[in-house]
Each structure stands twice: as structure tokens, then as C-alpha cells.
Amino acid sequence: MAAQPWTRYKLQRKLFAIGEDFWIENEAGEAVFKVDGKALSLRHKFLIEDQGGAELLTVESRLVALQPTMTIERQGRLYATVTKALFTLFHQHFTIQVDGGPTYEAQGDITNHEYEVLDNGAQVAQISRQWFSIRDAYGVAVAPELDQALILAAAVCIDEISERQREHNR
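Conventions used here
- Residues numbered from 1 in each chain as written.
- Predicted model: local features only at pLDDT ≥ 70, side-chain atom pairs only at ≥ 80, totals over all residues.
- Heavy atoms only, no water.
- Core = buried A, V, L, I, M, F, W, Y, C linked by side-chain atoms within 4.5 Å.
- Buried < 20%, exposed > 50% of the residue type's maximum accessible area, 1.4 Å probe, protein only.
- Helix = DSSP H or I, 4+ residues; strand = E, 2+ residues; numbered from the N terminus.
- Contact = heavy atoms within 4.5 Å.
- Polar contact = N/O pair within 3.5 Å; in protein donor to acceptor, adjacent residues only side chain to side chain.
- Pairing = 2+ DSSP bridges.

**Quick look at the nonpolar core**
Right, so step 1: By size, the foremost hydrophobic cluster in this structure holds 42 residues, and its most contacted members are Leu11, Ile72 and Val140.
Right, so step 2: Looking at which element gives the most residues to this core, the answer is helix α1 (residues 148–168), with 11 residues.
Right, so step 3: With sequence-adjacent residues up to four places away left out, isoleucine 72 is seen in contact with Leu57, Thr58, Val59, Arg77, Leu78, Tyr79, Ala80, Val82, Leu150, Ala153, Ala154 and Cys157.

The following block contains the structure:
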């Protein structure tokens with residue numbers, strides 16, 4: 001039996017979108033998940049919704065944290081935490097800790113927006129801006145056995161934390 005292929009998604013933030021809402025498309029160009037940014041929220045908050053508008057995950061930044069951190073909730077309960085390591089030399093490193101489950105490591109290059117997501121050293125997802133020539137678009141390829149919405153939410157977290165750091169360093 002052949003291994004199932006990875007699912008590829010396209011994430012593109014709409015320039016000047018109120019609250020930073022955008023759709024995540026599959027490789028056929030179909031909108032499959034919506035990222036609903038909460039424009040009036042004091043905390044950076046996003047909802048990941050399915051095509052019908054049902055909330056799948058809530059993503060929120062932690063106001064009090066030593067390291068840049070975002071939490072992901074499912075049905076009002078903590079599901080995962082995405083934390084950026086403070087000190088890395090030539091690349092960024094993030095930990096995606098599923099509550100009561102596995103820990104994924106995401107590492108990569110902030111300048112080129114290229115990351116790989118590892119589970120015990122094996123690559124299980126890839127985040128890449130190189131797949132698209134559009135400035136605010138990047139792709140995410142996810143292994144079939146993973147929670148697709150979780151990995152996409154983690155990719156949004158990595159993008160948001162990285163973007164905030166770029167703005168802070170200007």
C-alpha cells in the first residue's frame with residue numbers, strides 16, 4: 001500500500017484586510033479553512049473556521065509570557081501552545097506542544113519564511129514562501145496523519161510571531 005501524499009495548502013493574507021481575515025486554500029484552489037482575525041481584540045486573536053463557518057480552533061497570544069507564545073484552544077479547552085525560543089543563532093525555533101500529546105519542533109529561516117516541522121526528528125510538515133511569487137502568500141504541506149487544522153494554526157502562529165518581531169525591529 002502506497003503512502004498517502006501530503007496535503008498542500010496556500011495561505012495568503014489579504015493586504016489591508018480588516019482584522020486580517022483570509023482563506024486557506026487547498027492545492028485545487030478551494031477555500032477550505034478561514035482565518036478570522038479579531039480586529040477589535042486587545043490580544044492578537046484568530047479563529048480557524050471550516051468552510052461553513054464552524055469554529056475549529058481559537059488562537060490567541062499570551063500577554064504575559066517570557067517568550068513569544070500563542071495558545072490554541074479547541075472547544076474552549078487548551079489544545080496546544082506555540083512558543084518561540086528566545087536564543088537561536090542562525091534560524092528561528094518554535095515548539096508546538098500539544099496538551100497531553102506530542103511536541104513538534106519547527107525550525108527555519110525568518111528572512112525567507114522557510115520552516116520544517118519535525119516530530120522526533122522526522123519531517124511532518126513544511127512551511128515555504130518559495131512555492132508562490134505573491135508577496136504575502138506561503139504554502140504549508142502537511143503529512144496525512146497529522147491534525148491539518150492544528151498544523152495550519154501553528155503556521156499562522158509562526159507567521160504572526162515572526163511578523164510582530166519584524167515590526168518591532170524596524
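Now that the structure is up, let's keep going.
**Details of the side chain of glutamine 148**
Right, so step 1: Counting through the fold element by element, glutamine 148 comes out in helix α1.
Right, so step 2: At 3.0 Å, the side chain of glutamine 148 forms a polar contact with the backbone oxygen of alanine 143.

**Comments concerning the environment of glutamate 25**
Right, so step 1: Examined against the element boundaries, glutamate 25 turns out to sit in strand β2 (residues 22–26).
Right, so step 2: Accessibility expressed as a relative area gives 26% for glutamate 25, which makes it partly exposed.
Right, so step 3: The sequence separation of glutamate 25 and leucine 11 amounts to 14 residues, and the corresponding C-alpha distance is 6.7 Å.

**A short note on the pairing of strand β12 (residues 137–142)**
Right, so step 1: Of all the six residues making up β12, six are buried; the element is thus mostly covered by neighbouring parts of the structure.
Right, so step 2: Burial along β12 is two-sided: the residues Ala137, Gly139 and Ala141 and Tyr138, Val140 and Val142 are all buried.
Right, so step 3: Note: strand β1 (residues 7–12) against β12, six bridges, orientation antiparallel. The partner of arginine 8 across the bridge, within β12, is alanine 141.
Right, so step 4: The pairing of strand β11 (residues 122–128) with β12 spans four bridges and is classified as antiparallel. Of the residues in β12, the one forming a bridge with alanine 125 is valine 142.

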